[in-house]
Amino acid sequence: MKEQSFIPPSRMLMGPGPSDVSARVLEAMARPTIGHLDPQFISMMDEIKKLLQYTFITSNELTFAVSAPGMAGMECCFANLVEENDKVIICKNGFFGERMKENVERFGGIPVMVNDDWGQKIDLNKVEECLKENPDTKIVAFVHAETSTGALSDPKSLTELAHNYNCLSIVDTVTGLAGVPLKVDEWNIDAIYSGTQKCLSASPGLSPISFSEAAKEKIMSRKSKVKSWFLDLNLIMSYWEGEGGRSYHHTAPINALYGLHEALLILKEIGIENSWKKHMDNHLILRNGLEELGIEYLVKEEDRLPQLNSIFIPDGVDDLAARKRLLNDFNLEIGAGLGVLAGKIWRIGLMGQSSNKKNIEHCLDSIKQVI
Ligand SMILES: *Cc1c(COP(=O)(O)O)cnc(C)c1O
């Protein structure tokens, strides 16, 4: 068989990401590639920075998109903020806490784990106890919106707690950004990273991040070099921030950045607070429909993420076969359970463009037919 152009099927993306990307964003990405040091491209990068500051609600100067997916945003935070033998408390209540631990270890730090059950939010009391037992801790790291379970934690209180014990906070808001309230400056968050393919509904492959002045100071006063060349913010800063004097660090993913720019414009047109509200309103519509089908949620109501609905697979339903039918017969992608929840739950994403009434109706109809 001869290779041909790839024409993807038309899917409805209601899993843990990527979410549906709008025609407007796809059109932006199809525009001609120009040089990444072209003054016009650089002004667009400056606009992306402003739009990201709007989205994170921060005036942090060090706010930009890492040229790689959410995992690189995670790695960028740990690579730059962790030094040899630094103690880092990691709050683990799902899949992504384990990856934070791996990062700390690889960059020479000492991870101290605070574990909560999958599906629970992070317990502040446990974190405080751990801080008391480990007064030499430098950083507290946690996931705002745990995509593996659908549980929402409280970055404001966790960061406050970290600061009370002279620690910085590293926050994973890959799924949180634009889906649930987040106020980086008001909550004094030190380092935070996200992804483009969840509630921002741009194509995957970029990681918006932001660092406070305190985090920046820590990075600039490091005793040792950052162990990753590509993610060393001391080098990247002159590329993204160097007004006028931008020099070559790497070639930016130009067309992907056109897409992010457009997605952020769309978000700003809607308004960040309206985006949070949209995600909650649509979540409630989906929840009501699922409850009518007798389906139950993993996470208790007050801790649920509106953009990631974890539901128990009804008794007697074959997980794999049902999801295969959803994909093949209904063009609907939903997420499987991860880790201890594999085979037990499904994860229905209502992120960004995918969070709308048409998707919800199609999702409910399709699930009704396969269960
Ligand atoms: C999706 C996700 C990531 C990883 O993002 P990628 O773009 O897949 O690298 C990290 N953390 C959380 C909470 C996520 O949901």
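Residues numbered from 1 in each chain as written. Predicted model: local features only at pLDDT ≥ 70, side-chain atom pairs only at ≥ 80, totals over all residues. Heavy atoms only, no water.

- Where an unreviewed UniProt entry is consulted, the protein chain appears under the name Serine--pyruvate aminotransferase, with the organism given as SAR86 cluster bacterium SAR86A.
- According to its UniProt record, the protein chain has this under Sequence similarities (unreviewed entry): "Belongs to the class-V pyridoxal-phosphate-dependent aminotransferase family." (UniProt positions renumbered as here; feature names shortened; annotations may be inferred.)

1. Structural notes on the pattern of salt bridges
(1) Moving on: Counted by the stated rule, this structure contains 18 salt bridges.
(2) Moving on: The salt bridge partner of Lys-92 is Glu-98, with a shortest N-O separation of 2.8 Å.
(3) Moving on: On the basis of relative accessibility, which here comes to 18%, the residue Lys-92 falls in the buried class.
(4) Moving on: Taken together, the shared-partner salt bridges in this structure form one network comprising Arg-24, Arg-31, Glu-262 and Glu-269. (Salt bridge = Lys/Arg side-chain N within 4 Å of Asp/Glu carboxyl O. Buried < 20%, exposed > 50% of the residue type's maximum accessible area, 1.4 Å probe, protein only.)

2. Things to note about the site of the ligand
(1) Moving on: All residues in the neighbourhood of the ligand are listed as Pro-69, Gly-70, Met-71, Phe-96, Val-143, Ala-145, Thr-147, Asp-172, Val-174, Thr-175, Gln-197 and Lys-198.
(2) Moving on: One of the side-chain nitrogen or oxygen atoms of Gln-197 is found 2.7 Å away from an oxygen atom of the ligand.
(3) Moving on: Burial of the ligand by the protein amounts to 88% of the accessible area it has alone, namely 380 Å².
(4) Moving on: More than half of the atoms belonging to the ligand lie within 2 Å of the grid points that define the largest pocket.
(5) Moving on: When the residues that make up the shell around the ligand are grouped by side-chain class, the tally is six nonpolar, four polar and two charged. (Near = heavy atom within 4 Å. Polar contact = N/O pair within 3.5 Å; in protein donor to acceptor, adjacent residues only side chain to side chain. Areas by Shrake-Rupley, 256 points an atom, 1.4 Å probe, with all protein chains shown as cover. 1 Å grid on protein atoms, 1.4 Å probe; cavity = no way out; pocket = protein on both sides within 12 Å on 5 of 7 lines; lining within 4 Å. Sits in = over half its atoms within 2 Å of the grid points. Nonpolar A, V, L, I, M, F, W, Y, C, P; charged D, E, K, R; others polar.)

3. Comments concerning the layout of surface pockets
(1) Moving on: Within this model, the largest pocket holds a volume of roughly 230 Å³.
(2) Moving on: Surrounding the largest pocket, 19 residues form its lining, Pro-16, Phe-96, Val-174, Gln-197 and Lys-198 being those nearest its centre.
(3) Moving on: Mapped by element, the contributors of at least two residues to the lining of the largest pocket are helix H3 (70-81) and helix H4 (95-106).
(4) Moving on: At three residues, the largest contribution of residues to the lining of the largest pocket is made by H3.
(5) Moving on: Partitioned by chemical class, the residues of the lining of the largest pocket number eleven nonpolar, five polar and three charged.
(6) Moving on: Inspection of the lining of the largest pocket shows a minimum of three residues originating in each of domain 1 (12-18 + 271-370) and domain 2 (23-267).
(7) Moving on: In this structure, the second largest pocket is lined by 13 residues; those nearest its centre are His-144, Leu-152, Val-180, Pro-181 and Pro-306. (Points joined across faces, edges and corners; volume = space filled by probe spheres on them. Helix = DSSP H or I, 4+ residues; strand = E, 2+ residues; numbered from the N terminus. Domains from an automatic or database assignment.)

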